[in-house]
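What follows is the residue order along each chain.
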Amino acid sequence: MMCRGRQLPGRERRRLHIDIVNEKREPAEKAFLEFLADTGYPNTDNPDGIPTVSLLYHDGGEMVLLRDILLPYVDGEIQRRNLYGKDTLYRVDYLRAGKAVRTMGVLEEKKDVDFPERLGGMRNSADAEIQALCLLLKHHITLCGLERLAEEEISMQGADRGEGQLDGVGESSLHQQANIAYYRKLLSYVKRFRHILNTQTGSVLPPFPERGPFMAAWYREHKGKEAKPHENRKA
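Residues numbered from 1 in each chain as written. Predicted model: local features only at pLDDT ≥ 70, side-chain atom pairs only at ≥ 80, totals over all residues. Heavy atoms only, no water.

### A closer look at the packing of aromatic side chains
Now for step 1: Here the structure, examined in full by the defined rule, presents seven aromatic pairs.
Now for step 2: Aromatic side chains phenylalanine 32 and phenylalanine 35 sit 6.4 Å apart centroid to centroid with 25° between the ring planes, which places their arrangement in the stacked category. With phenylalanine 32 and phenylalanine 35 both in helix H2 (residues 28-36) and three residues apart, the pair spans about one turn of that helix.
Now for step 3: Among the residues examined, phenylalanine 35 registers a relative accessible area of 2% and is labelled buried.
Now for step 4: Ring centres of tyrosine 182 and tyrosine 183 lie 5.1 Å apart, and the angle between their planes is 70°; on these two criteria the pair is classed as edge-to-face.
Now for step 5: Given the relative accessible area of 4%, tyrosine 182 is considered buried.
Now for step 6: Ring-pair connections join several aromatic residues into one group, and the members of that group are Tyr182, Tyr183 and Phe214. (Phe/Tyr/Trp six-rings, centres within 6.5 Å; stacked < 30°, edge-to-face > 60°. Helix = DSSP H or I, 4+ residues; strand = E, 2+ residues; numbered from the N terminus. Buried < 20%, exposed > 50% of the residue type's maximum accessible area, 1.4 Å probe, protein only.)

### What about the environment of glutamine 177?
Now for step 1: Summarising the element assignment, glutamine 177 is placed in helix H6 (residues 170-199).
Now for step 2: The exposure class of glutamine 177 is partly exposed, given its relative accessible area of 25%.
Now for step 3: Along the chain, glutamine 177 and tryptophan 218 lie 41 residues apart, while their C-alpha atoms are 9.5 Å from each other.

### With respect to the side chain of threonine 52
Now for step 1: Summarising the element assignment, threonine 52 is placed in strand E2 (residues 52-59).
Now for step 2: Take threonine 52: its relative accessible area is 4%, and that puts it in the buried class.
Now for step 3: With residues near it in sequence (within four places) discarded, threonine 52 still touches Tyr41, Asp68, Ile69, Leu70, Arg91, Val92 and Asp93. (Contact = heavy atoms within 4.5 Å.)

### Thoughts on the pairing of strand E3 (residues 62-70)
Across a regular strand the side chains alternate sides, sitting on one face of the sheet and then on the other.
Now for step 1: The buried count for E3 comes to eight of nine residues, which makes it a mostly enclosed element.
Now for step 2: Across five bridges, strand E1 (residues 22-26) lies against E3 in antiparallel orientation. By the bridge assignment for E3, glutamate 26 is matched with methionine 63.
Now for step 3: Two elements, E2 and E3, share seven bridges in a ladder whose sense is antiparallel. Its bridge partner being in E3, valine 53 is matched across the sheet by isoleucine 69. (Pairing = 2+ DSSP bridges.)

### Side note on the sheet that holds strand E4 (residues 89-96)
Now for step 1: The five strands are arranged E1-E3-E2-E4-E5 in an open sheet whose pairing can be described as antiparallel. This sheet does not close on itself; its edge strands, each paired only once, are E1 and strand E5 (99-106). The average undirected angle you get between the axes of adjacent strands in this sheet is 15°.
Now for step 2: Note: E4 against E5, eight bridges, orientation antiparallel. The residue bridging leucine 95 from the neighbouring strand is alanine 100, located in E5.
Now for step 3: Those strands touched by H2 are E1, E2, E3, E4 and E5, and its axis lies near 20° from that of E3.
Now for step 4: Docked against the sheet, helix H5 (residues 128-156) engages E4 and E5, running at close to 75° with respect to E4. (Axes fitted to C-alpha atoms, helices over the stretch in contact; angles between N-to-C directions.)

Given below as C-alpha cells:
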C-alpha cells in the first residue's frame, strides 16, 4: 500500500524516521505535468519546515514520479533505485526569506556525493543560485542529523518519563539531567537555525552549543541543588 508523504506532520515523520515516498508510474506526459504541478508545499505559515524533493525518471515504458521526499532521505532513494545516468529530473521545494521557492533541473551523474552536489556541485558550478541552494540544503541536512541525534539521546536518557522521574539520585541522576539539558539546548539551536534559513537572508547564524562549556556551566549551577533534597531525607 502506498503512503502519501504529507499525511504526517514533518516533525513527526522526522522523529519516527519514516521513509515515506509517494511513487507513481504513469505515461510520460501525465507524469511530467504532475511533476510541474503545485503541491502546496512548503507551507509559508510553517517557518520550521524542511525542503522536499521530487524526482522524475524513465523506467521501461513508463515514467516514475517520486513526490515530496523529505530531504534527508533523497540520497537513499537515489542509491536504492540506482538513478545514476538515467537523466533524472529533480525538483526542490523550499522556503527562502519566508517565500515558497521551487528549483528544477537534471541530476548530475555523480557518485559518492550527496544530493546537493548532484545539483551542479558546490565547487564547479558557476551558477551562484545553484551554489546558494547547495549550501542551504547542506545546512538543512546537517540540522536534520543533529535533530535526530538529540531526540534519540533524550529518549535514551529516559526524559519521556518526565524530569522528576529519572532513575536514581546523586551523580548518575545528575549526569542524566545534564545530558538531557544539553540535547534540549541542541534542539533549540536546530529550531532557531532552521527558522533563520527559511525566513531570512544574510542573517548571522546562531553559535553552535559546544557540549564541554555547556556541561561545565550546567554542573556549576545545579550540583549544589542536587544534594539538598538528599540531605533533607537523611534528616
